[in-house]
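# Working through the structure, step by step
Chain by chain, the residues:
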Amino acid sequence: MIAWYYLALLSSIFMGLSTLVEKKALKTEHPSAFSASFTTLIAIVSLVFIPLANFNIAWSTVAIIYVLSVISTTTYVLTAKVYKHSSVSLSTPILSSLPMFFVVLLAFAFLGEKLTIVQYISIAMLIFATYFIISEKDQPPKKYIMMLVLISFLSGIGFTVSKYLLGGIVNAFTFLILSEIFIAANMLVYMTVKFGGVKEILSNTRVNKLPIISIVILAILYRLTFYFSLYTAQVSLAMPLRNTVNILIIVIAGGMIFKEGSIIKKLVLAIIMVICASVLLI
């Protein structure tokens, strides 16, 4: 099997490309409708992996996966809103680094994962670098900063529980299929209550076929590669490696594609964060 760190790096590349496609599409699209469209299609496409899945699992495991799907649904909607209304090279570093703090704490408390003093210092430096990114003059409104913190906390819970499940309780394909079906169902309920339901989802899918299909493919790839990395790696190591490489990709692309401001300072901070993440592997 491919070493976990190669899988984490592949996941970061696929995730970075997915984020860029989403940011570009959200310039003209409604965040909730767009999220509902691609999550529904991901659920449908994930069914091709049924022959590789094993559904002989306890109902308690299914319940945990459903709770995770609620968390994922919430982060999807909030993340789409943040990307639509703020700088991608500002929000992505925050969404990639702050969850590390929560993952380290939760993985230590519930999974027994322990890091060295040097690794803990590296995590602190990642958070410190994030502070300087947040303090940029183009920072989003306060409510979006609060959203970023909430998304980070929920993501930390999601990563930690995912590691617990993928540590031998459920395989990656089963986890992908069930979680995506649950997320799609959650989004359908949300869209029905708040907006136009199935009609709006179908309409959005027709209008945005290319970006949605691109995100579906990239999302499946970055999730599966990350799930496989969690088979053998501590989540408190795999997640920081994946997320910090993703930061570098997004910060560079944010300046080149979206012409976002203060890109040099953000790039320097992103490189510092990557260096800190590399120390976590020592």
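Up top is the structure these notes are about.
Since this is a predicted model, take the numbers as computed values, not measurements.

### Observations concerning the overall build of the protein chain
- For the protein chain, the count of helices and strands is 11 helices and 0 strands.
- Start at the N end of the protein chain and walk to the C end: the helices and strands fall as α-α-α-α-α-α-α-α-α-α-α.
- Computed over its C-alpha atoms, the radius of gyration of the protein chain comes to 18 Å, within 12% of the 19 Å expected for a compact globule of 282 residues.
- When its C-alpha atoms are laid out on the principal axes, the protein chain stretches across 45 × 40 × 30 Å.
- Relative to its full complement of 282 residues, the protein chain shows a buried share of 55%.
- With an accessible surface of roughly 12,500 Å², the protein chain has 74% of that area assigned to carbon and sulfur atoms.
- Counting 19 positive and 8 negative side-chain charges, the protein chain places the centres of these two groups 2 Å from one another.

### Here's the deal with empty space enclosed by the protein
- Per the counting criterion, the structure on display carries 1 cavity of 30 Å³ or more.
- What the largest cavity holds in volume is close to 770 Å³.
- If you go around the largest cavity, you meet 33 residues; those closest to its centre are Thr75, Tyr76, Phe159, Tyr222 and Arg242.
- Among the elements of the structure, α1 (4-25), α3 (59-85), α4 (88-111), α6 (142-166), α7 (172-194), α9 (209-229) and α10 (235-256) are those that each provide at least two residues to the lining of the largest cavity.

### Structural notes on the packing of α7 against helix α8 (residues 197-207)
- The contact between α7 and α8 brings their axes to 7 Å, and the two run at 110°. Of the possible angle classes, the one that applies to α7 and α8 is roughly perpendicular. Across from Leu188, Met191 and Thr192 in α7, the residues of α8 making contact are Gly197, Val198, Glu200 and Ile201.
- For the contact of α7 with α8, a count of residues per class yields 4 nonpolar, 2 polar and 1 charged.

### Comments concerning the side chain of Thr39
- Mapped onto the fold, Thr39 is located in helix α2 (residues 31-46).
- Residue Thr39 is classed as buried on the basis of its relative accessible area of 0%.
- For Thr39, the side chain forms a polar contact with the main-chain oxygen of Ala36, separated by 3.1 Å.
- Setting aside residues no more than four positions away along its own chain, Thr39 makes contact with Tyr76, Glu180, Ile183, Ala184 and Met187.

### A look at α6
- Over its 25 residues, α6 runs 36 Å from end to end, which matches the ideal 36 Å to within 8%, given 1.5 Å per residue.
- Looking one or two residues beyond α6, the residue adopting positive phi is Gly168, at roughly 140°.

### Observations regarding a nonpolar patch on the surface
- Taken together, the side chains of Ile117, Ile121, Met125, Ile264, Val268 and Ile272 define a hydrophobic patch exposed on the protein surface, amounting to about 570 Å² of accessible area.
- Looking at the nonpolar patch, the elements that each hand over two or more residues are α5 (117-134) and α11 (263-279).
- Within the secondary structure, Met125 is located in helix α5.

Reading guide: rules and limits
Residues numbered from 1 in each chain as written. Predicted model: local features only at pLDDT ≥ 70, side-chain atom pairs only at ≥ 80, totals over all residues. Heavy atoms only, no water. Helix = DSSP H or I, 4+ residues; strand = E, 2+ residues; numbered from the N terminus. Rg over C-alpha atoms; globule rule 2.2 N^0.38 Å. Buried < 20%, exposed > 50% of the residue type's maximum accessible area, 1.4 Å probe, protein only. Areas by Shrake-Rupley, 256 points an atom, 1.4 Å probe, with all protein chains shown as cover. Lys, Arg positive; Asp, Glu negative; His and termini not counted. Charge placed at Lys NZ, Arg CZ, Asp CG, Glu CD. 1 Å grid on protein atoms, 1.4 Å probe; cavity = no way out; pocket = protein on both sides within 12 Å on 5 of 7 lines; lining within 4 Å. Points joined across faces, edges and corners; volume = space filled by probe spheres on them. Axes fitted to C-alpha atoms, helices over the stretch in contact; angles between N-to-C directions. Parallel < 35°, antiparallel > 145°, perpendicular 65-115°, else oblique. Contact = heavy atoms within 4.5 Å. Nonpolar A, V, L, I, M, F, W, Y, C, P; charged D, E, K, R; others polar. Polar contact = N/O pair within 3.5 Å; in protein donor to acceptor, adjacent residues only side chain to side chain. Expected span 1.5 Å × (residues − 1). Patch = residues over 30% accessible without salt bridge, like charges linked within 9 Å, V, L, I, M, F, W, Y side chains within 5 Å. Salt bridge = Lys/Arg side-chain N within 4 Å of Asp/Glu carboxyl O.

Geometry only, nothing functional implied.
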